[in-house]
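Structure at a glance
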Amino acid sequence: MSATVNKPEEQDQSYWAIVKRQFKKNRMAVWSLRFIYGVVFVGIMADFIANDLPIACGYKGKTYFPIFNSYGVSLGISKWPTELANVDWHDLQYDWVLLPVIPYSPQFMDTKNSGFKAPMGTGQTVSSFRFTHFLGTDKLGRDVMSGMVHGTRVATMVGVISMSIAVVIGILLGAMAGYFGDSKLKMSRIRLWLNLIFLFLAIVYAFMVRSYALSDALSVSVGGFMVQLLISGVIFVVIMIIPNLIVPVLKKVPFLGKQVSIPMDILISRLIEVKVSVPTLLLILSICAIMSKPSIFITMVVIGFLGWTGIAKYVRAELLKVRSLEFIEAAQALGLSEWRIIIRHAIPNSLTSVLITIAFGVAGAILTESSLSFLGIGVAPEQVTWGSLLSSARSEASAWWLAVFPGMAIFVTVTVFNLLGEGLTDAMDPRLKQ
Amino acid sequence: MFKYVLKRIFYFIPTLAIIALVTFSLSKMAPGDPVKLALGNKDNGGEAGQAAEKIAGEKAYNAMAEKMGLHLPTFYISLSTAAEPDTLYKYTKRAERETLQRLISQYGNWPQIEKYYANIRKVQYAMYEVRQDSTTYQPGRELNNQVNGLFQLYKDEEILASLATMKDAAALSPAFTDAARAIKQLDESYSAVKTNATNAKNYIPVIHFFGIKNQFHRWLFGDKPWFFGEEKLGQSAGFLRADFGFSYSDKRPVWSKMKDALPWTLLLNFVSIFLAYIIAIPLGVWSARQKGSLADNIITFILFLLNSLPVFWIATLLITFLTTPEYGMNWFPNFGLGDIDSEMNAWDVFTERAVHLILPVLCLTYGSWAYLSRQMRGGVLSVLRQDYIRTARAKGLPDNKVIWKHAFRNSLIPIITIFAGIFPSAIAGAFIIENIFAIPGMGKLSFEALFARDYPLVFTVMMLSAILTLIGNLVADIMYAVVDPRISFSK
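Before going into details, it helps to say that this report is about the structure given with it.

Cut-offs used in this document
Residues numbered from 1 in each chain as written. Chains lettered and ligands numbered in written order. Predicted model: local features only at pLDDT ≥ 70, side-chain atom pairs only at ≥ 80, totals over all residues. Heavy atoms only, no water. Contact = heavy atoms within 4.5 Å. Buried area = accessible area lost by both parts, 1.4 Å probe. Salt bridge = Lys/Arg side-chain N within 4 Å of Asp/Glu carboxyl O. Polar contact = N/O pair within 3.5 Å; in protein donor to acceptor, adjacent residues only side chain to side chain. Helix = DSSP H or I, 4+ residues; strand = E, 2+ residues; numbered from the N terminus. Nonpolar A, V, L, I, M, F, W, Y, C, P; charged D, E, K, R; others polar. 1 Å grid on protein atoms, 1.4 Å probe; cavity = no way out; pocket = protein on both sides within 12 Å on 5 of 7 lines; lining within 4 Å. Points joined across faces, edges and corners; volume = space filled by probe spheres on them. Buried < 20%, exposed > 50% of the residue type's maximum accessible area, 1.4 Å probe, protein only.

Some thoughts on the interface of chain B and chain A
On the chain A side, the residues contacting the 55 residues of chain B number 53 residues. Across the chain B/chain A interface, buried area totals approximately 4,600 Å², and carbon plus sulfur atoms make up 76% of it. The three residues of chain B that bury the most area against chain A are B:F304, B:F312 and B:W313, which together make up 14% of that side's buried surface. Here chain B is connected to chain A by two salt bridges. As a salt-bridge pair, A:E422 and B:R374 come within 3.0 Å of each other at their nearest N and O atoms. In this structure, the connection of chain B to chain A is made through five residue pairs in polar contact (both at pLDDT 80 or more). The biggest single contributor to the side of chain B that touches chain A is helix α20 (residues 455-483) of chain B, with nine residues. The residue inventory of the side of chain B that touches chain A, partitioned by class, reads 35 nonpolar, 13 polar and seven charged.

Laid out in structure tokens, this is it:
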């Protein structure tokens, strides 16, 4: 380490470096971030932390890796060896075995410990301490701690999937509304007209004509649906390219070439207002309720598609400020294209405030998902989430562990994301702190 | 100011139109045949019923479809392919319509498909004529099953298999001669569908216009005359004239069900919001005045935690620990509103209700209370930084006067935004709380309607809360201007 680093005047004075330093001063926020890393780790590794399959085992002289094998089976690329197909993993006579920390999967019904067994082993009938249900069991003998671990995975996925969708839509629409305003997006008449006509055709040929292919694929598998969706996407893009190839020729005609401006800001602001007017919970509930097959993924996607307004508002406000700054004018003077300016220059300068909305947004998404699964809407019955665990407490008052632990997990995770959001807010605007 | 309000009301209309469209399309996408749901999901014309019974069932279905306006086209315009006829909406049975659409998407020749479908019906009617005896019972049953199933088949191999089974069954008894002839016709018409396929028509988009006699228009504006003209039986007044249709589950008008539920939701919401404001505003001001002190730090932290406490967790905890004898703290009744009988006097009724409402109100209050206090504290703090506060202090005004006379009014602005949210939350109900504590308010009503697929109720609640949110936003904007004269809307 060189000696100059410690001198404050030599420190990196870029905006991000300052934000980072400010953030690090906030111990609560730093610990929250570390906790979030932990949650994500547990979420990703859930199968290796709580599972009734062993991580590795020796059985009849051969070595197996059952958890990896189960991934292979569910992807359809491998099969169970005959001696391991349809076995009760807890009753096998292993030569040696490496079990996960919690030797139960959330769906595994421990028939000997069914009917709400209290935490920490008292009253449980287990073969050894290793198999204790540390947080108790539910009515069917399913391990609560394992459910908590796998609930962490659901929460992580809700955070990632819902927020990515919300962020992409929010930034895109917010940036267009803020940067273009009502008068800056200009195009020739012919480009506008042709694009609208071809947009109509693209929707017809990519989605309407193919609607049965899409819905049939969705009823079979999510993967097949994605492939069909991709094909539709390609058709859509190809059709949309056509008018933009013709336009440069037709633009030469004076009447068709006249520039018209598109009121982006009005259109998008109105869209936001419509979205905000409909009560989100009720809308999500109705959408999830009309799904013929409840699935946690659809719920996440719905939450994401309905959660972009906050981000869009933020980005719009930021870009309204940014677009009149000198460096944008400089970029325009250099003749860069509008989209390049938006994506490379304008959006990165407003991302800091977006981070704040993301932190709060993840907290909101997790809360929404857990209230939905608490109400039993939008999740398949066999899916274990924090919300579904908590709701099982309503059937048995004496099972306090079902009321306390899952709720605690939701509370702590939501709080931590809120703390992170607060920390980021403080770090980005140090004046507010004083 | 007046101009601003007018402008906002003008914007109100397109927004409302979009919300109506979204609500309407969601209600159209909801699974299940609405007529069957409204008729109580009875499968009309079951396998062994008498011909008369089946025809009566058919009639009841059509009458109900007409009552619900489902004999009309869906919307003012429709976008379809050239293969699809614009009269497809006349097939009121949803399953049949969807099967026909499938067939059209496969073969694209409506005249042949229409004939094929008519022939299925002919076989069905021919089967009504067959007298039941010991020889015809078994094959007749099989034939009826196949015919009823055929209305919903669109895959080639399934249709062929079904036709083959029908032919075999019809050959078993001389009583089936009419049916066998009809089946032969059906078979021929199906091969005609396949041989004369015009698939290219499926790739030509066509827009049909239907005028104002359509389901959307009927739902929103009604088909009853607005001012004069003769009313006919079975006409709807439409959503805008407060005719929300009738509930599928008990056939009562939606409005009358909502009228029963609304008072409880309003009571809950107003009590909890009143409490939240009463505690939050002074606490926020007090906390802002003590800024940086230990008390302020502790309160801020507690408020922060309260703000992120999930309400359904707290409710579950309260129910688990305070309403059951398990933990020795059986202090509250666990759900409902208590029993009221005619002999109780007003005071008893009040205490009975109050005891039942304490926990729900507590759950509803703490969250908004924490949120409001934080907003209030933030508002006061940002106002206290302003120059005019420094001026007020500099000229020697006492601290109390500075805070309450100069700072308080301006720091109310953020609080007003939240007040606008009361309207929608009042109608959508404290969804979760009402369900956990089994309070018969709007939240419980719409939740149960969701599960019972009672869609008119669900989408009415959704539409009404959207309208109330819009009004709430408008009211909030106007109140801004009243509280803070610096805000001007004349751009």
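Quick notes on empty space enclosed by the protein
Going through the model one piece at a time under the given rule, you end up with two cavities of 30 Å³ or more. As a volume, the largest cavity reaches approximately 40 Å³. Lining the largest cavity are A:E273, B:R8, B:Y11, B:F12, B:T15, B:L470 and B:L474. Of the residues forming the lining of the largest cavity, the biggest block, four residues, is contributed by helix α1 (residues 2-29) of chain B. Tallied by class, the residues present in the lining of the largest cavity amount to four nonpolar, one polar and two charged. Estimated volume of the second largest cavity: approximately 30 Å³. Lining the second largest cavity are A:G151, A:V154, A:A155, A:I366, A:E369, A:S370, A:T385 and A:W386. Among the secondary structure elements, those contributing two or more residues to the lining of the second largest cavity are α5 (144-180) and α16 (351-375) of chain A. Split into classes, the residues belonging to the lining of the second largest cavity amount to four nonpolar, three polar and one charged.

A few points about the pattern of salt bridges
Pairing is possible between side chains of opposite charge, provided their charged atoms come close. Residue and element names in this part refer to chain B. As enumerated under the stated definition, the model contains 22 salt bridges over all chains in all. One salt bridge in this structure joins E98 and R94, with 3.2 Å as the shortest N-O distance. Of this pair, E98 and R94 are both found in helix α4 (residues 94-107), four residues apart, which corresponds to roughly one turn of the helix. Residue class for R94 comes out buried when judged on its relative accessible area of 16%. Each member of the salt-bridge network shares a partner with another, and the members are R289, R393 and D399.

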